[in-house]
Amino acid sequence: MHLDPHPNLTSSVIYGLGFLYLVQVVMNLFWTARCMKAGNHQRLPSVLGGGDVPVAMWWGMYTALLSMVMIAHFTGYRNPEAFSLLLPDWFKGSVDVCVNDPKLFFLISTLIFAGIILLRKTLATDTAGWMLFNAATLFLSLSLTDWDFRQIVGKPDNVPIVGMLFIVGFFTWLFFKKANENDRRIEQGLRPLEAENNEKVLVWPDLVYTELIVMIALTAFLFVWGVLLEAPLEEPASSVKTPNPSKAPWYFLGLQEMLVYYDPWLAGVVFPSTILGGLMALPYIDFNKKGNGYYTFNERKFAISVFLFGFLPLWVGMIVLGTFLRGPNWNMFGIYEYWDVHKLEALNNVNLSEYFWLYGLGMSMPVPDATSSFGAQIATIVWRELPGILVTLGYLLLLPSVMAMTVFRNFAFRMGFFRFMVFANLVLLMAALPAKMVLRWAFNLKYLVAIPEYFINI
Amino acid sequence: MSVGDYIRESQIWKSVFRHPAPYDRRNRVVVMLTNFFLHLHPVSIKQNGIALSYTWCMGGITFFLFLVETITGVLLMFYYRPTLEWAFNDILALRDVSTLGVMREVHRWGAHAMVITVWLHMYRVFLTGSYKPPREFNWVIGVILLKFTLLLSFTGYLLPWDQLAIWAITVGSNMARATPVLGHEGPGFQLLNIGGYDLITNASDARFLLLGSKFVGEETLNRFYILHCVAIPLAVAGLIAIHFWRVRKDGGISQPL
Ligand code: HEM
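Conventions used here
Residues numbered from 1 in each chain as written. Chains lettered and ligands numbered in written order. Predicted model: local features only at pLDDT ≥ 70, side-chain atom pairs only at ≥ 80, totals over all residues. Heavy atoms only, no water. Helix = DSSP H or I, 4+ residues; strand = E, 2+ residues; numbered from the N terminus. Buried < 20%, exposed > 50% of the residue type's maximum accessible area, 1.4 Å probe, protein only. Contact = heavy atoms within 4.5 Å. Areas by Shrake-Rupley, 256 points an atom, 1.4 Å probe, with all protein chains shown as cover. Lys, Arg positive; Asp, Glu negative; His and termini not counted. Charge placed at Lys NZ, Arg CZ, Asp CG, Glu CD. Donors = N, O, S within 2.8 Å, 3.2 Å for Na, K, Ca; no water. Tetrahedral: all angles 85-135°; square planar, octahedral: opposite > 155°, others 65-115°. Buried area = accessible area lost by both parts, 1.4 Å probe. Salt bridge = Lys/Arg side-chain N within 4 Å of Asp/Glu carboxyl O. Nonpolar A, V, L, I, M, F, W, Y, C, P; charged D, E, K, R; others polar. Pairing = 2+ DSSP bridges. Core = buried A, V, L, I, M, F, W, Y, C linked by side-chain atoms within 4.5 Å. Near = heavy atom within 4 Å. Polar contact = N/O pair within 3.5 Å; in protein donor to acceptor, adjacent residues only side chain to side chain. Domains from an automatic or database assignment. Patch = residues over 30% accessible without salt bridge, like charges linked within 9 Å, V, L, I, M, F, W, Y side chains within 5 Å. Phe/Tyr/Trp six-rings, centres within 6.5 Å; stacked < 30°, edge-to-face > 60°. Lys NZ or Arg CZ within 6 Å of the ring centre and 35° of its normal. pLDDT = per-residue confidence, 0-100. Expected span 1.5 Å × (residues − 1).

Here we take up the overall build of chain A. Helix and strand counts for chain A stand at 17 helices and 5 strands. The principal-axis extents of the C-alpha atoms in chain A amount to approximately 85 × 75 × 55 Å. Looking at chain A as a whole, 46% of its 458 residues are labelled buried. If you take every contact in chain A between residues at least 6 apart in sequence, the share linking residues at least 24 apart comes to 70%. For chain A, the accessible area works out to roughly 23,900 Å², and carbon and sulfur atoms hold 71% of it. The centroid of the 31 positive side-chain charges in chain A is displaced by 9 Å from the centroid of its 32 negative side-chain charges.

All names here are of chain B. Within the protein, the iron atom of the ligand binds to His-121 (NE2) and His-243 (NE2); these donor distances fall in the range 2.0 to 2.1 Å. The coordination sphere of the iron atom of the ligand comprises 6 donor atoms, whose angles at the metal cover 85 to 179°; the geometry is octahedral. Note that His-121 is positioned in helix H7 (residues 102-127) and His-243 in helix H11 (residues 218-249), a separation of 122 residues in sequence. Like His-121, the residue His-243 is buried in the burial classification.

Moving on, we get to the interface of chain B and chain A. Of the residues lining the interface, 93 residues belong to chain B; the matching set on chain A comes to 96 residues. Surface buried jointly by chain B and chain A totals about 8,500 Å² across both partners, of which 72% is contributed by carbon and sulfur atoms. Of all residues in chain B, Trp-109, Trp-119 and Tyr-123 of chain B give up the largest surface area on contact with chain A, accounting jointly for 9% of the area buried on that side. Across the pair Asp-157 of chain A and Arg-108 of chain B runs a salt bridge whose closest N-O atoms are separated by 2.8 Å. Secondary structure elements with two or more residues in the side of chain B that touches chain A: helix H3 (25-34), strand E1 (44-46), helix H4 (52-55), helix H5 (58-77), helix H6 (87-96), H7, helix H8 (136-158) and helix H9 (163-174) of chain B. For the side of chain B that touches chain A, the leading source of residues is H7 of chain B, giving 19 residues. Tallied by class, residues from the side of chain B that touches chain A come to 59 nonpolar, 20 polar and 14 charged. As defined by bridge partners, strand E3 (residues 200-202) of chain A adjoins E1 of chain B across 3 bridges and the pair is classed as antiparallel. Each residue of the ladder has a partner; that of Lys-200 of chain A, found in E1 of chain B, is Lys-46 of chain B.

In this structure, Trp-250, Tyr-251 and Phe-311 of chain A together with Trp-119, Tyr-123 and Trp-139 of chain B are the most contacted members of the largest nonpolar core, which totals 153 residues. For Trp-119 of chain B, the residues in contact, after removing those within four places along its chain, are Met-164, Trp-250, Tyr-251, Phe-311, Trp-315 and Ile-319 of chain A together with Leu-146 and Leu-150 of chain B. Ala-404, Phe-408, Ala-424 and Leu-428 of chain A belong to the second largest nonpolar core, which has 13 residues in total.

Once that is clear, we can look at the site of the ligand. Residue and element names in this part refer to chain B. With respect to spatial proximity, 25 residues lie near the ligand, and among them His-121, Arg-124, Gly-142, His-243 and Ser-254 are the closest. With respect to the ligand, the side chain of Ser-130 contributes an N or O atom lying 3.1 Å from an oxygen atom. Here Arg-135 contributes a side-chain N or O atom positioned 3.1 Å from an oxygen atom of the ligand. Top contributing element to the shell around the ligand by residue count: H8, with 6 residues.

Further remarks concern the domain arrangement of chain B. The domains assigned to chain B are domain 1 (1-44) and domain 2 (50-249). In this structure, domain 1 of chain B and domain 2 of chain B have C-alpha centres spaced 38 Å apart.

What follows covers a positive patch on the surface. Residues and elements named next belong to chain A. Judged by side-chain charge, Lys-289, Lys-290, Arg-414 and Arg-419 come together as a positively charged surface patch. When you line up the elements, Lys-289 lands in the loop between helix H11 (264-285) and helix H12 (301-325). Here Lys-289 falls in the exposed class, since its relative accessible area comes to 67%.

On to the domain arrangement of chain A, then. All names here are of chain A. We note that the domain assignment places domain 1 (1-85), domain 2 (93-231 + 291-343) and domain 3 (352-457) within chain A. Centre-to-centre, using C-alpha coordinates, domain 2 lies 35 Å away from domain 3. Counting from both sides, the interface comprises 9 residues of domain 2 and, opposite them, 8 residues of domain 3. Summing the contributions of domain 2 and of domain 3, the shared interface buries around 770 Å²; its carbon and sulfur component is 94%. Taken together, the connections running from domain 2 to domain 3 amount to 0 salt bridges. Put simply, domain 2 and domain 3 have 0 residue pairs in polar contact (both at pLDDT 80 or more) between them. Contributing elements (two or more residues each) for the side of domain 2 that touches domain 3: helix H4 (102-118) and H12.

Here we come to the packing of aromatic side chains. Enumeration over the complete set of coordinates arrives at 56 aromatic pairs over all chains. Ring centres 6.0 Å apart and planes at 75° place the aromatic pair Trp-204 of chain A and Tyr-209 of chain A in the edge-to-face group. An angle of 75° between the planes, with centres 5.5 Å apart, marks the rings of Trp-250 of chain A and Tyr-251 of chain A as edge-to-face. Exposure remark for Trp-250 of chain A: the relative accessible area of 3% places this residue in the buried category. Connected via pairs of aromatic rings, a cluster forms that spans Phe-170, Phe-171, Trp-173, Phe-175, Phe-176, Tyr-295, Phe-297 and Phe-311 of chain A together with Tyr-54, Trp-56 and Tyr-123 of chain B. Over the face of the ring belonging to Phe-333 of chain A we find Lys-343 of chain A, whose NZ or CZ atom lies 4.7 Å from the ring centre.

Turning our eyes to something else, we now look at a nonpolar patch on the surface. Residues and elements named next belong to chain A. A cluster of nonpolar side chains, contributed by Tyr-15, Phe-19, Leu-22, Val-26 and Phe-30, occupies part of the molecular surface with about 470 Å² of accessible area. Tracing the chain through its elements places Leu-22 in helix H1 (residues 11-38). Look at Leu-22 and you get partly exposed, because its relative accessible area is 33%.

Residues and elements named next belong to chain A. Mapped onto the fold, Arg-440 is located in helix H17 (residues 417-443). In terms of polar contacts, Arg-440 uses its side chain to reach the backbone carbonyl oxygen of Lys-446, at 3.4 Å. Once you skip the residues sitting within four places of it in the chain, Arg-440 turns out to touch Val-260, Tyr-261, Asn-349, Leu-445 and Lys-446.

A few words now on the confidence of the model for chain B. Looking at chain B as a whole, its pLDDT mean stands at 91, while 100% of the residues score no less than 70. The ipTM, which scores confidence in the relative placement of chains, is 0.94 for this predicted complex, and the corresponding pTM is 0.94.

A word on the environment of Leu-209 of chain B. All names here are of chain B. If you trace the backbone, Leu-209 turns up in helix H10 (residues 206-211). What makes Leu-209 exposed here is its relative accessible area of 65%. Sequence separation between Leu-209 and Glu-9 is 200 residues; the distance between their C-alpha atoms is 58 Å.

This brings us to the side chain of Thr-63 of chain A. Residues and elements named next belong to chain A. Tracing the sequence through the fold places Thr-63 in helix H2 (residues 55-76). On the basis of relative accessible area, Thr-63 is assigned to the buried category, the value being 4%. A distance of 3.3 Å separates a polar atom in the side chain of Thr-63 from a polar atom in the side chain of Thr-32. Once residues within four sequence positions are removed from consideration, Thr-63 is found in contact with Val-25, Asn-28, Leu-29 and Thr-32.

Along its 26 residues, helix H9 (residues 203-228) of chain A runs 36 Å from first to last C-alpha, staying within 8% of the 38 Å computed at 1.5 Å per residue. When H9 of chain A is considered as a whole, its buried residues turn out to be Val-203, Trp-204, Leu-207, Val-208, Val-214, Leu-218, Leu-222, Trp-225 and Gly-226 of chain A. Of the surrounding elements, those touching the buried residues of H9 of chain A are helix H8 (159-187) and E3 of chain A together with H3, E1, H5 and H7 of chain B.

Next comes the structure, spelled out in structure tokens:
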């Protein structure tokens with residue numbers, strides 16, 4: 001008999017998934033009960049005969065469906081070949097097409113970010129949140145039937161990242177739920193909810209007991225996690241056997257991803273320092289006095305949108321990309337795709353100076369004369385890279401002034417010159433990553449400024 | 001008299017805790033003032049400031065994880081020698097030889113969790129606007145704590161001395177080569193030279209400072225071990241103390257004005 005070395009389903013996978021469905025059944029049972037208590041009804045569209053049905057009915061039906069799926073897993077695990085609850089190939093194929101291309105991945109994560117902000121009123125309700133959570137768990141459970149997906153998501157060090165996605169999603173949802181509520185109150189001239197019933201209570205017992213419970217729960221959680229999932233230990237270190245891909249620890253993978261677009265001096269040194277410096281500068285830049293000590297979105301639209309853009313698509317999104325989608329030779333792979341070492345991706349990126357001199361003017365590139373003086377060589381290099389140097393200087397020096405006179409007039413006025421320049425440059429440096437991505441994808445642009453002689457490539 | 005009361009009335013108990021059991025209002029105040037561990041807290045506090053849905057408890061959880069890491073870390077140090085000969089084998093032995101082997105798992109997952117909770121803590125502090133005056137500087141201290149948390153995790157990543165470890169650190173530290181002026185492949189490193197001799201070479205640049213050698217080797221292991229077990233934890237502990245002190249001095253957890 002021919003044995004598939006990479007089986008999508010094995011008995012233990014099916015059996016294990018049964019427990020994942022069990023969790024979903026239990027949590028949806030609770031939810032159904034909650035809906036029944038609330039007693040909300042929903043009007044059916046007229047095609048279905050109009051009439052009111054209790055909302056709990058839908059959840060009851062979904063729970064019943066999940067129970068059947070669960071029973072199928074617990075009874076059918078002995079015969080994995082015959083088990084048919086798998087993700088269909090067309091589905092895997094279409095998901096992979098969306099995620100194995102950095103362009104689409106970035107586009108989609110930006111759209112999700114925009115969707116979160118624009119649809120915040122709809123998404124941050126209990127029902128929508130629960131539906132999203134269910135969708136995510138179901139997606140995870142179904143995806144786990146794929147061998148390649150299990151390889152990458154099941155790496156011990158990657159498990160926390162999957163958890164983090166759920167947690168970040170939850171807290172983002174929670175934020176918008178509370179912010180919406182306060183925004184509504186503020187519109188009506190009320191104070192934010194945090195200001196209501198704000199009596200002083202004794203720290204013992206009110207806070208101390210909460211802390212104690214959290215500590216016990218966390219300790220238990222860590223031990224259970226520790227027993228269930230063994231910490232990774234690979235082969236002993238060898239400085240000659242370079243693994244492919246070689247990845248930094250997961251929390252730095254967003255930074256490592258920047259290396260695709262920028263040289264190490266920028267991606268590895270200047271940008272990380274800017275992130276830290278920018279975060280430290282943040283309280284001194286944000287002059288908006290509102291929104292201190294309570295959740296709100298409307299009173300701080302700009303600040304929150306920028307921060308969320310930095311945290312969700314750029315930081316968390318790039319970590320996901322670097323961890324789950326970057327494979328051998330730093331190529332992009334779909335989540336259901338085999339990490340093939342031989343996958344080839346053509347790279348023929350062109351520098352701006354080459355575009356300018358070779359293609360634009362049809363001339364040859366200015367070459368510094370090795371026998372001439374140091375100053376003359378520098379002059380030739382600067383001349384050669386002039387277009388990119390002008391673009392870069394324009395971006396960092398001219399653009400802030402343009403911003404100050406147009407969209408950010410109000411900001412510039414209230415911040416003063418120095419503070420505004422710092423603010424504008426931080427925003428522009430944050431935008432530098434998506435900007436370069438787009439240039440790369442649209443024009444195969446390698447470097448705006450290419451001075452390999454002095455390691456100054458931008 | 002019940003056994004519990006007998007114990008609480010004893011001279012030993014009283015000498016340790018310095019106050020009667022916190023059963024009534026008066027003693028619940030006294031306990032906060034007289035107990036070393038509890039004096040971090042005020043005696044009374046605004047109800048909405050300690051709501052879980054407000055703080056997400058993330059700062060507290062981060063602090064607790066730091067304590068867990070300290071305790072499990074000390075236990076691990078009993079079983080671990082930071083040398084090329086032993087590092088890997090000592091970790092290997094933790095799996096099946098040492099009774100406290102699960103400490104490695106708790107330590108590693110706790111470290112991942114701490115990185116995540118410190119981000120979430122920052123996320124919440126941002127979203128409640130708690131960095132606004134008068135708390136600007138505590139936010140700055142927080143950012144430094146964030147950096148140290150990542151460095152703690154990074155330096156610890158090397159210690160198992162397996163393939164995962166050295167290559168992650170190699171990739172991570174290669175960046176330092178490209179530090180402007182101070183890295184031997186960084187822009188402008190040629191600026192630092194005396195009479196035509198470069199001061200910045202692969203044996204004197206920022207990366208060398210970090211690794212203690214030209215590549216990730218035994219010197220690096222030693223350096224990271226000391227950073228991980230002594231230097232950074234001390235710095236973090238000091239900063240956390242200041243961070244907490246500032247939370248109190250800046251008026252407690254932020255509330256609507
Ligand atoms: C090791 C890391 C850290 C620990 C142990 C820690 C711990 C704490 C704790 C226990 C609180 C009390 C309120 C709460 O639990 O939310 C707090 C408040 C605060 N933290 Fe942190 N923190 C850390 C890192 C950070 C970071 C990374 C930032 C921001 C960049 C930050 C900024 C603040 C600010 C501004 C407050 C006051 C919040 C308020 O009054 O609402 N901290 N921190």
